[in-house]
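Listed here are the chains, written in short residue letters.
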Amino acid sequence: MADRPSATAEPLVEVADLARWFEVSPPFLDRLIERGSRRWLKAVDGVDFAIRRGETFSLVGESGCGKSTIARLVVGLDAPTRGSVRFEGTEIAGRSRDALKRIRRRVQMIFQDPYASLNPRWRVRDIIAEPIRAHRLARGTAAIAERVAELLRQVKLTPADGDKYPHEFSGGQRQRISIARALASAPDFLVCDEPTSALDVSVQAQILNLMKDLQRDLGLTYLFISHNLAVVYHISDRVGVMYLGRLVELTSGEDLFRTPLHPYTRLLIETIPDMAMSGRRREPVGGEVPSPLDPPAGCAFHPRCPFAAARCRREAPALRRHGAGLVACHAVEEGRLPPLAGSRNDDRSAIPIGGARA
Amino acid sequence: MASERSPLLQVENLRIAFATRRGEVTAVDGVSFAMAPGEVLGVVGESGAGKSLTGAAIIGLLEPPGHIAGGRIVLGGRRIDNLPAPEMRRLRGKEIGAIFQDPLTSLNPLYTVGRQLVETIQVHLGLGAAAARQRALDLLKEVGIPAADRRIDHYPHQFSGGMRQRVVIALALCANPRLIIADEPTTALDVSIQAQIIALLKRLCRDHGMAVMLVTHDMGVIAETADRVAVMYAGRLVEIGPVRDIVRQPRHPYTAGLMGSIPTIGGRRDRLQQIDGAMPRPGAVPPGCAFHPRCRERFARCLDERPNLLPAGGGAAACWLHAPAEAAAVPHG
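Residue numbers run consecutively from 1 along every chain, following the written order of its sequence. Labels are handed out in written order, letters beginning with A for the chains and numbers beginning with 1 for the ligands. Only residues with pLDDT of 70 or above have their local features reported here, since the model is predicted, and side-chain atom pairs are shown and tallied only from 80 upward, although totals for entire chains, interfaces and linings are computed over all residues.

### Things to note about the pairing of strand 1 (residues 13-23) of chain A
All names here are of chain A. Operational definition: For two strands to pair, DSSP has to find at least two bridges joining them. Going along the chain from the N terminus, every DSSP run of H or I of four or more residues is numbered as a helix, and every run of E of two or more is numbered as a strand.
With five bridges joining them, strand 1 and strand 4 (residues 82-87) adopt antiparallel strand pairing. When the bridges of strand 4 are listed, Val13 appears paired with Phe87. Bridging between strand 1 and strand 2 (residues 40-51) involves nine bridges; their strand directions are antiparallel. Bridge pairing links Leu18 to Val47 in strand 2.

If you want it as structure tokens, here you go:
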């Protein structure tokens with residue numbers, strides 16, 4: 001069993017041994033005839049983490065690593081195959097809608113696609129008012145209208161925007177509306193699944209700044225899901241790196257990017273195209289993420305890992321404390337991992353940015 | 001790199017318009033640039049800036065009601081924007097290759113990748129069946145498909161996303177084109193695969209002397225791949241120059257804002273620089289400089305006089321700050 005990330009204060013959200021398997025077996029008769037067995041896609045397989053009150057905890061990884069499945073499990077949109085999700089100590093996983101009603105108000109989600117997540121036939125003020133009505137947070141038309149106007153101002157839109165329909169807004173403005181709707185029930189905890197991935201960079205900057213402001217003003221706690229390491233670096237207090245349904249490293253945002261330990265984290269940080277890499281040549285790491293239907297034995301990363309040894313092919317490493325963070329790697333544990341040659345920060349300091357004009 | 005003396009591609013004052021119920025809407029307006037043989041030109045901008053339309057116009061794949069409403073496109077000395085459709089079809093693939101974002105839409109799911117490659121090679125190069133298959137095999141090996149002699153008979157769905165994009169690149173290379181238009185070639189791929197495809201494109205460009213017009217919204221990809229960068233805003237070219245200049249010392253306030261809004265690893269973690277407001281939609285572009293309502297450095301001239309590209313640093317920027325008279329008064333950097 002892995003070390004649980006110890007929180008200094010009582011964590012707001014605690015996830016323990018969380019797993020979600022999807023059955024992908026052939027139909028029963030085919031199995032009978034071909035003597036096939038049932039097959040499972042282990043989208044999430046034994047994940048532990050805790051999120052502290054007021055922090056931004058990010059999960060990062062490539063497509064199919066299970067990060068979005070975790071987001072859905074944490075808000076109760078899906079039930080886990082095994083494990084638990086606790087919100088302020090109350091178990092969420094597998095509970096009925098009614099039992100979760102009080103928690104539901106306090107946990108909200110923001111989705112990637114602001115085009116698909118707003119009802120096109122509703123005016124914006126009705127979209128935002130729905131959670132207020134559903135949770136009876138304000139009574140009377142005037143009180144609700146006032147609260148909607150306040151929420152619109154909070155996300156830097158104007159109360160007059162409430163009369164419009166979603167299609168009258170740009171992608172960035174729609175994401176602001178999604179955020180206003182999420183805030184309408186006065187939640188403590190927001191799960192944000194790739195909230196800026198569909199947006200242009202300049203709009204992304206506006207949304208990320210807004211999210212930081214709201215966190216500061218309202219004391220929100222974020223679970224932030226993203227594939228974009230630079231965005232994760234920018235917004236996170238702590239980061240969990242996922243690979244094929246498991247956490248491979250979990251540490252503070254600063255440490256993760258300054259001294260990445262797991263070979264997969266290193267690969268990710270090494271390979272993202274970056275502005276500071278202009279004009280450089282480098283050798284990209286080969287290989288691709290294996291199919292989650294047929295993950296490699298032992299450590300799932302071993303076929304791509306330059307430090308893989310016999311033990312890595314045999315035995316899956318557990319997430320263990322190493323320095324300030326947690327890492328699931330035999331090479332780290334055995335001290336076989338060479339130190340990182342020249343961190344990115346050193347590279348960067350060598351490049352004058354905005355220096356003297358020619 | 002070859003100099004501007006013998007450009008491979010010249011785009012002059014290109015205007016792309018859409019016929020709508022409310023009249024003609026201009027989506028790309030007065031775009032001019034040239035590409036040298038073997039050069040990688042990155043074209044960046046936000047959604048709707050006109051970068052993909054510019055690429056589509058060059059390769060003759062503008063979708064109606066979009067059409068070229070003005071200007072010229074010259075490839076290797078020959079004007080190609082007014083070619084009849086059959087002639088453009090012959091040119092496309094042979095002289096200009098294309099790589100699009102989603103490899104699945106570029107490949108026919110009903111044919112093996114080998115058949116698609118062989119067909120393309122035969123159409124453009126007129127090789128016999130055996131020679132065409134050999135070339136297809138060589139191309140698959142060149143783009144890094146493992147066990148190419150076996151994979152050549154597989155269907156597109158049997159390849160992963162990254163491998164499929166390699167097949168699309170092989171398809172674009174079939175007739176050894178002089179120019180490749182790559183529109184968001186790595187956007188649909190995971191980061192570790194993205195790096196492999198970028199490295200592949202760079203290598204091919206070097207080995208074959210192909211020029212690549214790389215259209216993307218990802219500045220990281222541009223910074224690592226391109227020789228020069230063209231920045232588009234609201235259908236106009238606002239800045240063009242060597243990649244180092246654009247990334248480190250942008251001369252147009254929009255480019256500077258765009259660079260500042262990109263989070264970088266190891267950078268500061270407080271607030272990102274923010275350009276307030278949004279890019280105007282086509283048809284609602286303000287008079288004067290299209291960026292002036294969002295620009296912190298605007299002055300009277302920006303409001304009613306549209307700036308053309310003016311020399312700035314190692315490149316050019318469409319900004320009145322760089323007009324000789326203004327530059328002395330308000331340095332920007």
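From this point on, the discussion continues.
### A look at the packing of helix 6 (residues 171-183) of chain A against helix 7 (residues 201-218) of chain A
Residue and element names in this part refer to chain A. Worth spelling out the cut-off: Axis definition: a line fit to C-alpha positions, over the contact stretch in the case of helices; interaxial angles, taken between N-to-C directions, run 0 to 180 degrees. Should an angle fall under 35 degrees it is called roughly parallel, over 145 degrees roughly antiparallel, and 65 to 115 degrees roughly perpendicular, with every other angle called oblique. By definition, any crossing whose near helix is turned counterclockwise from its far helix by less than a right angle is left-handed, and any crossing with a clockwise turn is right-handed. In this description, a residue-residue contact is defined by the distance between C-beta atoms placed from the backbone, which must lie within 7 Å. Residues were grouped as follows: Ala, Val, Leu, Ile, Met, Phe, Trp, Tyr, Cys and Pro as nonpolar; Asp, Glu, Lys and Arg as charged; and all remaining residues, including Gly, as polar.
At their nearest, the axes of helix 6 and helix 7 sit 9 Å apart, and the two run at 20° to each other. Taken together, the axes of helix 6 and helix 7 are roughly parallel relative to one another. Handedness of the helix 6/helix 7 crossing: right-handed. Along the contact surface, helix 6 presents Gly171, Gly172, Gln175, Arg176 and Ile179, while helix 7 presents Val203, Gln206, Ile207 and Leu210. Class assignment of the residues belonging to the contact of helix 6 with helix 7 gives a composition of four nonpolar, four polar and one charged.

### Some details on the domain arrangement of chain B
Residue and element names in this part refer to chain B. For the record, the criterion: For the domain bounds, the source is a domain assignment made automatically or taken from a database.
Taken as a whole, chain B is organised into domain 1 (9-228) and domain 2 (233-329). Averaged C-alpha coordinates put domain 1 and domain 2 at centres separated by 28 Å. Taken together, the contacts link 20 residues of domain 1 with 15 residues of domain 2. Within the residue set of the side of domain 1 that touches domain 2, elements represented by two or more residues are strand 2 (23-35) and helix 9 (219-225). Residue contributions to the side of domain 1 that touches domain 2 peak at eight residues, all from strand 2.

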